[in-house]
Structure formats: C-alpha cells, structure tokens
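# Chain and residue survey
Spelled out, the chains give:
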Amino acid sequence: MDPLGALDEAERPLHRPFLIGVSGGTASGKSTVCAKIMELLGQNKVDHRQRKVAIISQDSFYRVLTPEQEAKAQKGQYNFDHPEAFDNELMYKTLKDIVEGKVVEVPTYDFVTHSRLEDRITVYPADVVLFEGILVFYPQKVRDMFHMKLFVDTDSDVRLSRRVLRDMSRGRDLEQILTQYTTFVKPAFEEFCLPTKKYADVIIPRGVDNMVAINLIVQHIQDILNGDICKWQRASINSHGRGFKRAISEQGDLQNGAINPPGKRVLLEPSSRPH
C-alpha cells in the first residue's frame, strides 16, 4: 500500500513537478541513493502510473553510436564519460516535456552491446522527479531546470572497485576495464564531473551510507507530497530551490553541532576528495 496515498491519474492536479538532479562520479552510488529515497517514501511498491516520485537515468540518453564508434566501444576505446557521449538535446527535451506534465518515453540503453534498444520506458507525470547521472549538471540549460541539486561524493577507491565488479558482471575483461578507467573515466571525471560539484545544493558524502543526509532529503520530499507544492512553486520563481537549503540549514550540521547560515550550501560532514 502506498503510505503517501497514491491518487488515480485522472484525479491528479496538473502542476509543475519538483526536479531533483543527482550527480557524482562513476559508481558513486547515485542510483542507489535514488532507490533508497524511493524505498523510504514507499514509492517503489506503487504502480508506475500512480507514482508520485519518478527516477530517470542519464545513462538512457547515450547517443546512438556510428559503426566506427561501436567498434571502439567493444574494445574499450570509446569515451562514455565525455559530455558529447550523451544526446543532450533529447535529454533537455525530455525534461522540458516532464515539466509540462506530459507522459514521456525514455530510451533504453544496452551496456553489453553499447546500443539503444527499441524498448522504451514510459514515465508518467509525477510530483517529484529524480534525474541522476555523472554529467547532469554539465549542460547549463539542463542544470538550470533543477530545483534542487545533489552531489554524491564517494571515495575514488570505492568507486573504482564498484565499477570493476559492475563491468565484470557485464562480461568485460579486467584489463580492459582498468585501461578504460585510467584512459577515459578518471580524466573525464576530473575535467567534467568534479567541477560541477560546486553547483550542488547538498553534498552527500559516502552515498547511501549517509542516512542523515538521505533522511533530510526524504523529509523535504514528503513535505512537498503532503501539500507544500504550491509553497515551493511560489518560492522557486525567485529563489529556485533556496528554500530547501534554508530549511536544511535551520536544522544545522548534525555531526558538528554548527548552524549553517540561511541559503548556504550544505555539507553534512567533511567530504573526502574523490581523487
């Protein structure tokens, strides 16, 4: 049963959804954080048509590769961590349609064959949309659409070990994985992903293990779902999400006992540099 009281699709009022961007390095735990948020809200057990919270991955928007690029990808010689690897126009159009309350069709990407599948994922209008990916803050026009921006900050060794296990489960050779990481993944993270950390409203060290941060975010989403949507819509016209930062700041740094000044970016505990 949906503890938030899912409404029939026809009964839902039309309004602009609250968009949350979730970024971080490869295998930092972005999708796990989003899944935990869904679980704590009870939305993972709700039918897709009735969900109040939806998750979309930037991975769905990888470009269709040319035969030459596909051959490189099979050898681990294609840079999937570069901004140009993504179809940013399609990504922007999809988010724009979501903002307008439309039902959208999101592509499905196969990481084994490095190709876009014919099957598509239908995303129905929701009150809150979580959009996660390594470079969701890189294109400015996409970044500016988010009302709240989260950055999952995880140690580089942890991320590398996770990526190795993940890619090996996809049938890839260990040597190829490590070569791709040192040649493309790590340099691209430092050049394109890490600099976007400065745009984050909330930084989440250690990902899903940081339940202090996740519970605060879940509480904010619950406030929106329980009827504070009009309030944030009015506030976001001028502040574009500063209301959340102010709300978190008022609760203070739970680890250090310090109170953050209103509007200041929140770091719930000292963050270790990924590299």
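The name recorded for the chain in an unreviewed UniProt entry is Uridine-cytidine kinase, from Lates calcarifer. Annotation of the chain in UniProt includes, under Function (unreviewed entry), the sentence "Phosphorylates uridine and cytidine to uridine monophosphate and cytidine monophosphate. Does not phosphorylate deoxyribonucleosides or purine ribonucleosides. Can use ATP or GTP as a phosphate donor." Under Sequence similarities (unreviewed entry), UniProt gives the following word-for-word description of the chain: "Belongs to the uridine kinase family."

## With respect to the pairing of strand β2 (residues 53–57)
Of all five residues that make up β2, four are buried, and the element is covered over most of its length. Pairing geometry for β2 and strand β5 (residues 128–132), over five bridges, is parallel. When the sheet's bridge partners are listed, Ser 57 is paired in β5 with Glu 132.

## Considering the nonpolar core
Judged by nonpolar contacts, the single largest core of 23 residues is most densely connected at Ile 20, Ile 37, Val 53, Val 128, Leu 150 and Ile 221. Every element with two or more residues in this core is listed here: β1 (18–24), α1 (30–40), β5, β6 (148–153), β7 (202–205) and α7 (211–236). It is α7 that provides the largest number of residues to this core, a total of seven residues. Dropping the residues within four chain positions of it, Val 53 is found in contact with Met 38, Leu 41, Gln 43, Ala 126, Val 128, Leu 130, Ile 221 and Leu 225. Listed in part, the 19 residues of the second largest apolar core include Leu 65, Ala 73, Tyr 78 and Phe 151.

## Some remarks on the packing of aromatic side chains
The tally for this structure, following the rule as stated, stands at 10 aromatic pairs. Each ring, one from Tyr 62 and one from Phe 111, has its centre 6.1 Å from the other, and the planes form 90°; the classification is edge-to-face. Placement of the pair is Tyr 62 in the loop between β2 and α2 (67–74) and Phe 111 in the loop between β3 (104–110) and β4 (115–123), with a sequence separation of 49 residues. Under the relative-accessibility criterion, Tyr 62 is labelled buried at 6%. For the pair Tyr 78 and Phe 80, a centre-to-centre distance of 4.8 Å together with 70° between the ring planes defines the contact as edge-to-face.

## Details of a nonpolar patch on the surface
On the surface, Met 168, Leu 174 and Leu 178 cluster together into a nonpolar patch covering about 240 Å² of accessible area. For Leu 178, the location among the structural elements is in helix α6 (residues 174–193). On the accessibility criterion, Leu 178 (36% relative accessible area) is partly exposed.

Cut-offs used in this document
Residues numbered from 1 in each chain as written. Predicted model: local features only at pLDDT ≥ 70, side-chain atom pairs only at ≥ 80, totals over all residues. Heavy atoms only, no water. UniProt positions renumbered as here; feature names shortened; annotations may be inferred. Buried < 20%, exposed > 50% of the residue type's maximum accessible area, 1.4 Å probe, protein only. Helix = DSSP H or I, 4+ residues; strand = E, 2+ residues; numbered from the N terminus. Pairing = 2+ DSSP bridges. Core = buried A, V, L, I, M, F, W, Y, C linked by side-chain atoms within 4.5 Å. Contact = heavy atoms within 4.5 Å. Phe/Tyr/Trp six-rings, centres within 6.5 Å; stacked < 30°, edge-to-face > 60°. Patch = residues over 30% accessible without salt bridge, like charges linked within 9 Å, V, L, I, M, F, W, Y side chains within 5 Å. Areas by Shrake-Rupley, 256 points an atom, 1.4 Å probe, with all protein chains shown as cover. Salt bridge = Lys/Arg side-chain N within 4 Å of Asp/Glu carboxyl O.

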